[in-house]
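Structural description and commentary
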Amino acid sequence: MSFEDGRIEIETLPGGTHLRTGHWEPVGGLRGRTVLLQGRTEFLEKYAETIGELTARGFEVRALDWRGQGLSDRMLRDRHRGYVDDYETFLGDLDWFLGRFGPAPKGLPTIVLAHSMGGHVATRALLEGRLPAERMVLSAPMIDLPVAAAIRPLAGILARLGFATAYVPGFGGSYDPAAVKFEGNALTSDPARFAALHACIAANPALAIGAPTWGWLAASLRSIRTLRNLSEAGPRTCPVLLCSAEKDTVVSLPAQRGICESLPDFELLSIPGSRHEPLQETDAIRARFWDAFDGFIGG
């Protein structure tokens, strides 16, 4: 099934917030369901290729644009500012989303595939016992951020002092198509996929989002602390394959290794040559990811 063949809807939550969701049927026999959870700034169209690969493997795919990005409701009047008040907002939206469709049909497995910030939310939900899944695959998950130690308390202070909606210095500002350059980007070494992403945004500028705000950073660091405490408590989990991007500079690689050492169900796989987005990488790097995915889920 192609991306265009899916059912994409704008749905209204009980509080009135609108979230954009997508549902794609498998090609051929049904093997199970994949819940696909995106990273910061991302949107459904960015995963069109991945969705096609999952449905070709026999998986029904369910996905959403997180609140504050994509074509879901933004939390600030300025759409470009990356913001969340607290990660419980994301977790609550995930609870709602999972509750919409219940268990996978015919008793088949639910596989969670989550990238970066989505991987953080999924891991927290799993450790809190609110993510029903038989297996989870994490792509470069945001277990921690490689920020200077001084920024951690500063983010919370500035957010409380009224700067929560201000951009974090050094990360840029609003999305500027003229400033988008492949050279030196931290996300992918594949120029064609990089260009396709920004062509998608050019075709629908409402998808764009810019740099994170102090509010986003403060909320992220609070949730990172919660995640660390949860992992140290030794909760029960399902089997998890954590795919770490060898050349990642966006999220913390030591934190990914650390959570895998703390939790016996977590298996670490380093993907050689990959920048932060393995699923947007070159064909050779993506093949490494899919080989690991298939082996892990019994493909």
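Each residue is numbered by its place in its chain's sequence as written, counting from 1. In view of the model being predicted, local features appear only for residues whose pLDDT reaches at least 70, and side-chain atom pairs are presented and counted only at 80 or more, with totals across whole chains, interfaces and linings using the full set of residues. By convention in this description, side-chain values take in all heavy atoms of the structure and omit both hydrogens and water.

When its secondary structure is counted, the chain shows eight helices and eight strands. With C-alpha atoms as the basis for the radius of gyration, the globule rule is written as 2.2 Å multiplied by the number of residues raised to the power 0.38. At 18 Å, the chain has a C-alpha radius of gyration in line with the 19 Å of a compact globule built from 299 residues. Across its three principal axes, the chain shows a C-alpha extent of roughly 55 × 45 × 45 Å. Counting all 299 residues of the chain, 53% fall into the buried class. Across the chain, every contact between residues at least 6 apart in sequence was considered, and the portion connecting residues at least 24 apart equals 79%. Put simply, DSSP H or I for four residues or longer makes a helix, DSSP E for two residues or longer makes a strand, and each gets a number counted from the N terminus. Exposure classes here rest on a 1.4 Å probe applied to the protein chains alone. A residue is buried below 20% of its type maximum, exposed above 50%, and partly exposed in between. Every residue pair with non-hydrogen atoms within 4.5 Å of one another is taken to be in contact.

Looking at where Lys46 falls in the secondary structure, it is placed in the loop between β3 (32-37) and α1 (48-56). The definition of a polar contact used here is a pair of N or O atoms within 3.5 Å, where within protein one atom must be able to donate a hydrogen and the other to accept one, and adjacent residues in sequence count solely through side-chain atom pairs. A distance of 2.8 Å separates a polar atom in the side chain of Lys46 from a polar atom in the side chain of Glu277. Once you skip the residues sitting within four places of it in the chain, Lys46 turns out to touch Leu197, Glu277 and Gln280.

The next thing to look at is the state of the cysteines. Throughout, disulfides are identified as pairs of cysteine sulfur atoms within 2.5 Å of each other. Applying the stated criterion across every chain yields a total of zero disulfides. Looking at Cys260, it has no disulfide partner, and the nearest cysteine sulfur is the one in Cys243, 9.7 Å off.

The rule is short: rings of Phe, Tyr and Trp, with Trp giving its six-membered ring, pair when the centres are within 6.5 Å, and they are stacked under 30 degrees, edge-to-face over 60, tilted in between. Counted under the stated rule, the structure contains 10 aromatic pairs. Look at Trp96 and Phe97: their rings are 6.4 Å apart centre to centre, the planes differ by 35°, and that puts the pair in the tilted class. Over a ring means this: the NZ of a Lys or the CZ of an Arg is within 6 Å of the ring centre and within 35 degrees of the ring normal. Above the ring of Tyr167, the side-chain terminus of Arg81 is found at 4.4 Å from the ring centroid.

Right, let's talk about the pattern of salt bridges for a bit. For salt bridges, the criterion is a side-chain nitrogen of Lys or Arg within 4 Å of an Asp or Glu carboxyl oxygen. In the structure shown here, the tally under the stated rule is 22 salt bridges. Close ionic contact of Glu11 with Arg100 constitutes a salt bridge, the shortest N to O distance being 2.7 Å. Here Glu11 is found in strand β1 (residues 7-12), whereas its partner Arg100 is found in helix α2 (residues 87-101), with 89 residues between them in sequence. With relative accessibility at 15%, the residue Glu11 sits in the buried group.

This next bit is on the side chain of Arg20. Looking at the element boundaries, Arg20 is found in strand β2 (residues 18-24). By relative accessible area, Arg20 is classed as buried at 6%. At a separation of 2.5 Å, a polar atom in the side chain of Arg20 contacts the side chain of Glu45.

What follows covers α1. When α1 is considered as a whole, its buried residues turn out to be Thr50, Ile51, Glu53, Leu54 and Thr55. Here the buried face of α1 lies against β2, β3, β4 (59-64), β5 (110-115) and α8 (283-297). Looking at the residues trailing α1, positive phi occurs at Gly58, about 95°.

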